[in-house]
Amino acid sequence: MKRMILLAACAIPAFAFAQTVPKIDSSYANWYYEGRMELYNQLNNKPADILFLGNSITERGEWHELLPGKKIANRGIGGDNTFGVLARLNGVIQQKPKKLFLLIGINDIGRGLPTEVILNNYRRILTQLTQGLPKTKIIVQSVLPMNEAKLPYAYLKNKADKIKALNEGIVPLAKEFNLTYLNLHELFADEKGELKADYTKDGIHLEPVAYVDWVNWLKQHKQL
Amino acid sequence: MAALLLATGFTAGAQAVDSTYDNNHYKERLALFAKMPKQKKAIVFLGNSITEAGKWNEILPGQPVQNRGISGDNSFGVIARLPEIVAQKPSKIFLMIGVNDLKREVPVPVIINNYRRIAGIIKQGSPKTKVVLQSVLPVNDTILIEAFKKVTNANVTLLNNALEQIARENGYTYVNLHEAFADEKGQLKRRETPDGLHLKVSSYPQWVEFLRSKKLL
């Protein structure tokens, strides 16, 4: 899967915030994103019990099979970032899920966006979601750690501090919006704070067993 | 993929048939399937990349859908993994397989023979399962990617004619997806395919709708 998104064709002018920093890459609408949106736009009228919103880590989860009988909407898009999520919230809101799990941000970190920019997007996302879905239980999940030794992508190396900073910024935001925050590092991080080696082949994505454990962990924490 | 050429008994003496299937992706998918909880009255979509790419679960929310597509899979690979699927006694199996066999020039009679073996395995292991043999999709040879140039719509038609007959012999349903996805020249509709062979992910709701219109879902 192409994780580094080509900028030229789909770059969108950075918003005003960007004037104080060198350059903000706010693009998201690549061919893969567009393809998924063509599908999702046909499905927005289907009611969902649980909606999973995020990037490839969400998309690759077999949530339907792991939660039989539930109406699941997997709204993960490989490569997506906070700008891409913002742009598709209308469809998500239209679907009126009873519960929504959010996990987004590693691709923002991967392209070197400043933490404040990502958090500002988080604020916009949570504002729109809480306003559009007042009855939905929204669960904000921490951005996962990575496993340095297994990462083949140079642009994702040495980002542990950025992940930590982002998650530390998400915690008070979730509190401000009165939402549940889940620290997934409790499940996914080893004693060094890295993504457990057994859970990943490439240091960032998860193996099937990780999703099984994730769902069980959410159940143990009474979130599912 | 390592091009192991293995002759099956069926064609011994004729020509070598590439019956390999057990590649990395196949193994990874099987490992994933093994982790999934068993479902009662499962609706199984069984096939290759065309099945795997379908977000069947999304289009049929809340239903016990299992996507058992494996990109690159062929009729030999389906036979090898069929016992596990059949053991669950699913309520329905929607099968589409064969284009990767054609890609590597497995003779149509060999593919047909594999379909008969598939039908036999399901009959024996789960006689109550409703089986839907879906026609192999046509290709669009005006834009077909190089890797699939060996696939011809003449062979697709040959195979599909046999599938219709196998369905009849076994009391299974045959659905002709060409009604939904072929243009007036019998080519895969240009607007539904990025590469002449696969469907766009946004084309699948239409597929499900077609199966519904035939009262199969």
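About the criteria used
- Residues numbered from 1 in each chain as written.
- Chains lettered and ligands numbered in written order.
- Predicted model: local features only at pLDDT ≥ 70, side-chain atom pairs only at ≥ 80, totals over all residues.
- Helix = DSSP H or I, 4+ residues; strand = E, 2+ residues; numbered from the N terminus.
- Rg over C-alpha atoms; globule rule 2.2 N^0.38 Å.
- Buried ≥ 20, exposed ≤ 12 C-beta atoms within 10 Å, placed from the backbone.
- Contact = placed C-beta atoms within 7 Å.
- Core = buried A, V, L, I, M, F, W, Y, C linked by C-beta atoms within 7 Å.
- Pairing = 2+ DSSP bridges.
- Axes fitted to C-alpha atoms, helices over the stretch in contact; angles between N-to-C directions.
- Nonpolar A, V, L, I, M, F, W, Y, C, P; charged D, E, K, R; others polar.
- Parallel < 35°, antiparallel > 145°, perpendicular 65-115°, else oblique.
- Expected span 1.5 Å × (residues − 1).
- Left-handed = near helix turned anticlockwise from the far one by under 90°.
- pLDDT = per-residue confidence, 0-100.

(A) Inspection of the overall build of chain B at higher detail. Within chain B, the secondary structure is distributed over nine helices and five strands. Along chain B, helices (α) and strands (β) appear in the sequence α-β-α-α-β-α-β-α-α-β-α-β-α-α when read from the amino end. Compactness check: chain B gives a C-alpha radius of gyration of 16 Å against a globular reference of 17 Å for 217 residues, within 12% of the reference. Expressed as a percentage of its 217 residues, the buried residues of chain B come to 40%. When contacts within chain B are restricted to residue pairs at least 6 apart in sequence, long-range pairs at least 24 apart make up 71% of them.

(B) Expanded view of the overall build of chain A. A tally of helices and strands in chain A yields ten helices and five strands. Here the C-alpha atoms of chain A give a radius of gyration of 17 Å, agreeing with the 17 Å that 2.2 N^0.38 yields for 224 residues. Each of the three principal axes of chain A carries a C-alpha extent, and together these read 45 × 40 × 35 Å. In chain A, which comprises 224 residues, the share counted as buried stands at 43%. Residue pairs in contact within chain A that sit at least 24 positions apart in sequence constitute 71% of those at least 6 positions apart.

(C) View of the nonpolar core. Of all hydrophobic cores here, the largest spans 49 residues; its most connected members are A:Leu51, A:Leu53, A:Leu100, A:Phe101, A:Leu102 and A:Ile138. Setting aside residues no more than four positions away along its own chain, A:Ile138 makes contact with A:Leu100, A:Leu102, A:Leu129, A:Thr130, A:Leu133 and A:Leu179. Core analysis: the next-biggest nonpolar cluster, separate from the first, contains 45 residues, B:Ile59, B:Leu60, B:Ile111 and B:Leu137 among them.

(D) Expanded view of the sheet that holds strand 5 (residues 180-182) of chain A. All names here are of chain A. The sheet built from five strands is open, its strands ordered 2-1-3-4-5 with parallel pairing. Of all the strands in the sheet, just strand 2 (72-76) and strand 5 have a single pairing partner and so form its edges. Along the sheet, successive strands turn relative to each other by an average axial angle of 20°, direction set aside. Pairing between strand 1 (residues 50-54) and strand 3 (residues 99-103): five bridges, direction parallel. Bridge pairing in strand 3 links Ile50 to Lys99.

(E) Seen up close, the sheet that holds strand 4 (residues 130-134) of chain B. Residues and elements named next belong to chain B. Taking strand neighbours across the sheet as the criterion, the five strands line up as 2-1-3-4-5 in an open arrangement whose pairing is parallel. If you trace the sheet from one side to the other, it starts and ends with strand 2 (65-69) and strand 5 (173-175), each paired once. On average, each strand axis in the sheet is tilted by 20° relative to the strand beside it, whichever way the strands run. In the sheet, strand 4 pairs with strand 5 via three bridges, with the strands oriented parallel. Pairing of Gln134 across the sheet is with Val175, part of strand 5. Along the sheet face, helix 7 (residues 153-170) touches strand 4 and strand 5 and points at about 155° away from the line of strand 5.

(F) Broad picture of the interface of chain B and chain A. Each partner contributes to the interface: chain B provides 19 residues, whereas chain A provides 22 residues. Residue assignment for the side of chain B that touches chain A shows that the elements contributing at least two residues are helix 1 (24-35), helix 3 (56-59) and strand 2 of chain B. Partitioning the side of chain B that touches chain A into residue classes produces ten nonpolar, five polar and four charged.

(G) Quick peek at the packing of helix 4 (residues 75-87) of chain B against helix 6 (residues 108-125) of chain B. Residues and elements named next belong to chain B. Following both chains from N to C, one finds helix 4 and helix 6 inclined at 5°, their axes separated by 10 Å at the closest point. With respect to each other, helix 4 and helix 6 are oriented roughly parallel. Each of Ser75, Phe76, Val78, Ile79, Leu82, Pro83, Val86 and Ala87 in helix 4 lies in contact with helix 6, whose residues at this interface are Ile111, Asn114, Tyr115, Arg117, Ile118, Ile121, Ile122 and Gly125.

(H) Spatial organisation of helix 1 (residues 31-43) of chain A. Residues and elements named next belong to chain A. With 13 residues, helix 1 should reach 18 Å at 1.5 Å per residue; the first-to-last C-alpha distance of 19 Å fits that figure. Within the sequence span of helix 1, burial applies to Tyr33, Arg36 and Tyr40. Structurally, helix 1 contributes buried residues whose contacts are with strand 2, helix 4 (82-87) and helix 5 (89-94).

(I) Geometry of the environment of A:Arg111. Residues and elements named next belong to chain A. Turning to its location among the elements, Arg111 is positioned in the loop between helix 6 (106-110) and helix 7 (115-132). Look at Arg111 and you get partly exposed, because 17 C-beta atoms sit within 10 Å. Measuring from C-alpha to C-alpha, the distance between Arg111 and Tyr33 comes to 17 Å, with 78 residues separating the pair along the chain.

(J) Focus on the packing of helix 6 of chain B against helix 7 of chain B. All names here are of chain B. Orientation of helix 6 relative to helix 7, taken along the N-to-C sense of each, is 25°, at an axis distance of 10 Å. On the basis of the axis angle, helix 6 is roughly parallel to helix 7. Between helix 6 and helix 7 lies a crossing whose hand is right-handed. Residues Val108, Ile111, Ile112, Tyr115, Arg116, Ala119 and Lys123 of helix 6 lie in contact with helix 7, whose contacting residues are Asn155, Leu158, Leu159, Ala162, Leu163, Ile166 and Asn170.

(K) Up close: the environment of A:Thr136. All names here are of chain A. Tracing the backbone through its elements, the reader meets Thr136 in the loop between helix 7 and strand 4 (137-141). The buried category is assigned to Thr136, around which 20 C-beta atoms lie within 10 Å. Separated by 37 residues in sequence, Thr136 and Lys99 have C-alpha atoms that sit 5.3 Å apart. When neighbours within four sequence positions are excluded, Thr136 is seen to be in contact with Pro97, Lys98, Lys99 and Leu100.

(L) Local environment of the confidence of the model for chain A. The predicted model of chain A has a mean per-residue pLDDT of 92, with 90% of residues at 70 or higher. Across residues 1-14 of chain A the pLDDT falls below 50, and counting only partners more than four positions away or on other chains, this stretch makes 22 contacts in the model.

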